[in-house]
Amino acid sequence: MDWKGRRQSDNIEDERGSSPMSGGGGGGFRFPGGGIGGGGLSFRTIIVLIVIFLILRAMGVDVIGLLQQSGMLEGGGSGYQQSTSNNSSGGQPANDEMKQFVATVLADTEDTWTGIFKSMGQTYTDPKLVLFSGSFPSACGQASAATGPFYCPSDQKVYLDMAFFQQMKDQFGASGDFAQAYVIAHEVGHHVQDLLGILPKFNQARRTMSEVDANKMSVRIELQADCFAGIWGKFTQQKGILQAGDLEEALNAAQQIGDDTLQKRTQGYVVPDSFNHGTSAQRMKWFKQGFDSGKLSDCDTLNNPV
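Residues numbered from 1 in each chain as written. Predicted model: local features only at pLDDT ≥ 70, side-chain atom pairs only at ≥ 80, totals over all residues. Heavy atoms only, no water.

Under an unreviewed UniProt entry, the chain has the name Metalloprotease and belongs to Rhizobium miluonense. Looking at the chain in UniProt, the text filed under Subcellular location (unreviewed entry) is "Membrane". (UniProt positions renumbered as here; feature names shortened; annotations may be inferred.)

Encoded structure:
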């Protein structure tokens, strides 16, 4: 994929130099046993602590400084602490090549979907893409390397720990820059579903579904996101930036992360009722369909056999 030298998106939020605060944000005192009223400190104990605090202050002791050094007092109130280093976690520079790659792919998705929405008389709203390392709080819960990349409709952001790309290569045998771009385009596909009203309807409907039925519907949603990623791939091909083997990289990635393939790899057998992303064959089929067609109308996984 010939991506270097192309426009990069400004919608990247690089949080790799940030670390979540223990205690869930807000800062303040952290006492053993929990907060006031929840099995923590009694009123009498609090009075004693205040008296001790005042005595130590009168003696010239820097109590606040001691508490900060001991870790009992957190500063700030943003929910996480910013790193003072110019480098992101893992020793990577703040504008490293992988970040540039992600920003370029995101920009291409923006151009693709802005044009498609304009042709339908609608306005495309760009999502934000949050880069993090390890874990980071999102509006949909804690993002972590274990969850993998995901889209959160509550804040319309894509969350990505780029260590997942290395995991794709090492554990799944899915390497290549276009395979990585497919992952980003898939998550952006969920954003497109959100803007089109598909995702909100699904999230509302599954509240009354059984787990098996919700999984079946989830498969259709995921396969449509694969098809939308294929549409992006089609427009990328038309720009002349794909290289030999790129399409095969994306299809191999789709194959390696199919539910059946993953279950065979991890547990040795498959449980179809637990599938929620689709089989390898399904994921390859719908990405290729979007790639060959380039049309939203050919990605109707909700009303057609998958």
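And the narrative resumes.
Peer 1: I keep staring at the pairing of strand E6 (residues 128–131) and nothing clicks. Help me out?
Peer 2: On a regular strand, each side chain points to the face opposite its neighbour's, so the side chains alternate between the two faces of the sheet. Two strands pair when backbone bridges link them, and strand E1 (residues 12–14) and E6 are joined in this way by three bridges, in the parallel orientation. Bridging from a neighbouring strand, Glu 13 pairs with Val 130 of E6. Sheet topology places E6 next to strand E10 (residues 157–160); four bridges connect them, and they run parallel. Paired with Val 130 across the bridge in E10 is Tyr 159. (Pairing = 2+ DSSP bridges. Helix = DSSP H or I, 4+ residues; strand = E, 2+ residues; numbered from the N terminus.)

Peer 1: Teacher, can you tell me more about the state of the cysteines here?
Peer 2: Covalent bonding between the sulfur atoms of two cysteines is what defines a disulfide. Counted under the stated rule, the structure contains two disulfides. Linked covalently through their sulfurs, Cys 140 and Cys 152 form a disulfide whose S-S length is 2.0 Å. On the sign convention where negative is left-handed, the bridge of Cys 140 and Cys 152, at about 85° about the S-S bond, is right-handed. One end of the pair, Cys 140, is in the loop between strand E7 (135–138) and strand E8 (141–144); the other, Cys 152, is in strand E9 (residues 150–152), with 12 residues separating them in the sequence. Given a relative accessible area of 0%, Cys 152 falls into the buried group. There is a disulfide in this structure between Cys 227 and Cys 299, and the S-S distance comes to 2.0 Å. Torsion about the S-S bond of the Cys 227 and Cys 299 cystine: about -70°, corresponding to left-handed handedness. Of the two residues, Cys 227 is situated in helix H7 (residues 211–238) and Cys 299 in the segment after helix H10 (280–293); the sequence distance between them amounts to 72 residues. The pair Cys 227 / Cys 299 is uniform in exposure class, with both members buried. Once the bonded cysteines of the chain are numbered in order along the sequence, the disulfide links fall as 1-2, 3-4. (Disulfide = S-S within 2.5 Å. Buried < 20%, exposed > 50% of the residue type's maximum accessible area, 1.4 Å probe, protein only.)

Peer 1: What exactly am I supposed to notice about unusual backbone geometry here?
Peer 2: Excluding glycine, most residues fall at negative phi; most peptide bonds, likewise, are trans. Its identity as a non-glycine residue notwithstanding, Gln 156 has a phi of 55°, on the positive side. By secondary structure assignment, the location of Gln 156 is in the loop between E9 and E10. Among the residues examined, Gln 156 registers a relative accessible area of 29% and is labelled partly exposed.

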